[in-house]
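If you want the building blocks of each chain, they are given just below.
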Amino acid sequence: MDNGASSYHRFLKGDDNGLVEIIRDYKDGLIFYLNGYVKNIHIAEDLAEDTFFKLAVKRPAYVARFTFKTWLYTIGRNIALNYLKKAAKTADGSILDYADLVSDEHSLEEEYIKSEDKIALHRAMRNLNKDYFSVLYMVYFEDMTNDEAARVMRKSKRQIENLLYRAKNTLKKELLKEGFDYEKL
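Let me sum up the structure you'll find in this document. (Residues numbered from 1 in each chain as written. Predicted model: local features only at pLDDT ≥ 70, side-chain atom pairs only at ≥ 80, totals over all residues. Heavy atoms only, no water.)

**A look at the overall build of the protein**
Quick note on the threshold: We count a stretch as a helix when DSSP gives it H or I for four or more residues in a row; a strand needs E for two or more, and each element gets its number in order from the N terminus. Exposure classes here rest on a 1.4 Å probe applied to the protein chains alone. A residue is buried below 20% of its type maximum, exposed above 50%, and partly exposed in between. Pairs of residues are marked as contacts when any of their non-hydrogen atoms sit within 4.5 Å. Surface accessibility follows the Shrake-Rupley procedure with a 1.4 Å probe radius. Residue values consider only the protein chains on display as shielding.
The helix and strand inventory of the protein stands at nine helices and zero strands. Along the chain direction, N to C, the helices and strands of the protein fall in the order α-α-α-α-α-α-α-α-α. Within the protein, the fraction of its 185 residues that count as buried is 40%. Across the protein, every contact between residues at least 6 apart in sequence was considered, and the portion connecting residues at least 24 apart equals 62%. When the accessible area of the protein is evaluated, it comes to approximately 10700 Å², of which 50% is carbon and sulfur surface.

**What to know about a positive patch on the surface**
Going by this rule: For patches, a residue must show more than 30% relative accessible area and have no salt bridge; joins then use 9 Å for like charges and 5 Å for nonpolar side chains, namely Val, Leu, Ile, Met, Phe, Trp and Tyr. By convention in these notes, a salt bridge is any Lys or Arg side-chain nitrogen within 4 Å of a carboxyl oxygen on Asp or Glu. By the counting rule applied here, Lys and Arg register as positive and Asp and Glu as negative, while His and the ends of each chain are not counted. The atom standing in for a charge is NZ when the residue is Lys, CZ when it is Arg, CG when it is Asp and CD when it is Glu.
Together, Arg 65, Lys 85, Lys 86, Lys 89, Arg 151 and Arg 154 make up a region of like positive charge exposed at the surface. Here the positive patch gets three residues from one element, more than from any other, and that element is helix α4 (residues 68-89). Turning to its location among the elements, Lys 85 is positioned in helix α4. We classify Lys 85 as exposed; its relative accessible area is 56%.

**Side note on unusual backbone geometry**
The phi angle at Asp 143 is positive, at roughly 55°, despite the residue not being glycine. Within the secondary structure layout, Asp 143 lies in the loop between α7 (130-141) and α8 (146-153). Judged by its relative accessible area of 63%, Asp 143 falls in the exposed class. Unlike most non-glycine residues, Arg 154 shows phi in positive territory, near 55°. Secondary-structure assignment places Arg 154 in the loop between α8 and α9 (157-177). For Arg 154, a relative accessible area of 59% puts it in the exposed group.

**A word on the pattern of salt bridges**
Enumeration over the complete set of coordinates arrives at six salt bridges. Where Arg 10 meets Asp 15, a salt bridge forms, and the shortest distance between an N and an O atom there is 3.0 Å. The residue Lys 69 makes a salt bridge to Glu 142 at a minimum N-O spacing of 2.9 Å. Highlighted residues: Lys 69 in helix α4 and Glu 142 in the loop between α7 and α8, separated in sequence by 73 residues. For the pair Lys 69 and Glu 142, one class covers both residues: buried. One salt-bridge network, in which partners are shared between bridges, spans Arg 10, Asp 15 and Glu 21.

**A look at the environment of Asn 17**
Mapped onto the elements, Asn 17 comes out in helix α2 (residues 16-38). Put simply, Asn 17 and Ser 7 are ten residues apart on the chain and 7.9 Å apart in space, counted from C-alpha to C-alpha.

**Some details on the packing of helix α3 (residues 41-58) against α4**
The cut-off we apply is this: Axis geometry follows a simple rule: fit a line to the C-alpha atoms, using only the stretch in contact for helices, then measure angles between N-to-C directions, giving values from 0 to 180 degrees. Note that the term roughly parallel is reserved for angles under 35 degrees, roughly antiparallel for angles over 145, roughly perpendicular for angles of 65 to 115, and oblique for everything else. Crossings are assigned a handedness: left-handed for a near helix turned anticlockwise from the far helix by less than a right angle, right-handed for a clockwise turn. When residues are sorted by character, Ala, Val, Leu, Ile, Met, Phe, Trp, Tyr, Cys and Pro go into the nonpolar class, Asp, Glu, Lys and Arg into the charged class, and all the rest, Gly among them, into the polar class.
It is at 9 Å that the axes of α3 and α4 come closest, and there the two elements cross at 120°. Classified by the interaxial angle, the pair formed by α3 and α4 is oblique. In the crossing of α3 with α4, the sense of the turn from one axis to the other is right-handed. Here α3 contributes Ile 43, Leu 47, Asp 50, Thr 51, Phe 52, Lys 54 and Leu 55 to the contact with α4, which in turn contributes Phe 68, Trp 71, Leu 72, Ile 75, Gly 76, Ile 79, Ala 80 and Tyr 83. Here the residues of the contact of α3 with α4 sort into eleven nonpolar, two polar and two charged.

**Looking at α3**
Note the cut-off: Take the number of residues in a helix, subtract one, and multiply by 1.5 Å to get its expected span. Directions pointing from the helix axis toward each C-beta atom define the arc. Counted as a polar contact is a pair of N or O atoms within 3.5 Å, where, for protein atoms, one must be capable of donating a hydrogen and the other of accepting one, and residues adjacent in sequence contribute only when both atoms are in side chains.
The terminal C-alpha atoms of α3, which comprises 18 residues, lie 25 Å apart, in line with the 26 Å expected from a rise of 1.5 Å per residue. Of all the residues in α3, the buried ones are Ile 41, Ala 44, Leu 47, Ala 48, Thr 51, Phe 52 and Leu 55. Around the axis of α3, the buried residues are gathered within 135° of arc, so they sit on the same side. Those residues of α3 that are exposed and angled more than 90 degrees off the buried face are Glu 49, Phe 53, Val 57 and Lys 58. The residue sitting at the N-terminus of α3 and contributing the capping side-chain oxygen is Asn 40; that oxygen lies 2.9 Å from the backbone nitrogen of His 42.

Here it is in structure tokens:
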């Protein structure tokens, strides 16, 4: 049983520190994963908070068929997709209205991703479609296996392998357009 799972089971048995540990360990990664879907760091923070709120209030059952991180990211992904569906129905603002939020996002990213090379890579990844971003982020930044990524994205392992291949090629082209030497990564 991985650390998140043991913390969650302790929380379910009444130890509130278990939830605190989960939030501490998974908050940043979950926020940046969700940011790949919503393209707004503040909304991603809210969605991550909603994910942890769901754990605290609804207390869904965790079955150890997959790692705790896979299970948690699946919950977060579903919350993000529901948000996007609702936002598409009620879209009333322009992205230009939120230009002042971009500087906050960049400074937060720079704290999380320390070196300039990784910042450039992350910026190039934002130009990818959300499936490419998601699969690359889960496999290379969150160290998930292809099976775990398949579970989160609700795809087969073969689809994930194909998606990874196409995502890496597309990312390579994006980095070459920027004049970036991707060999250093």
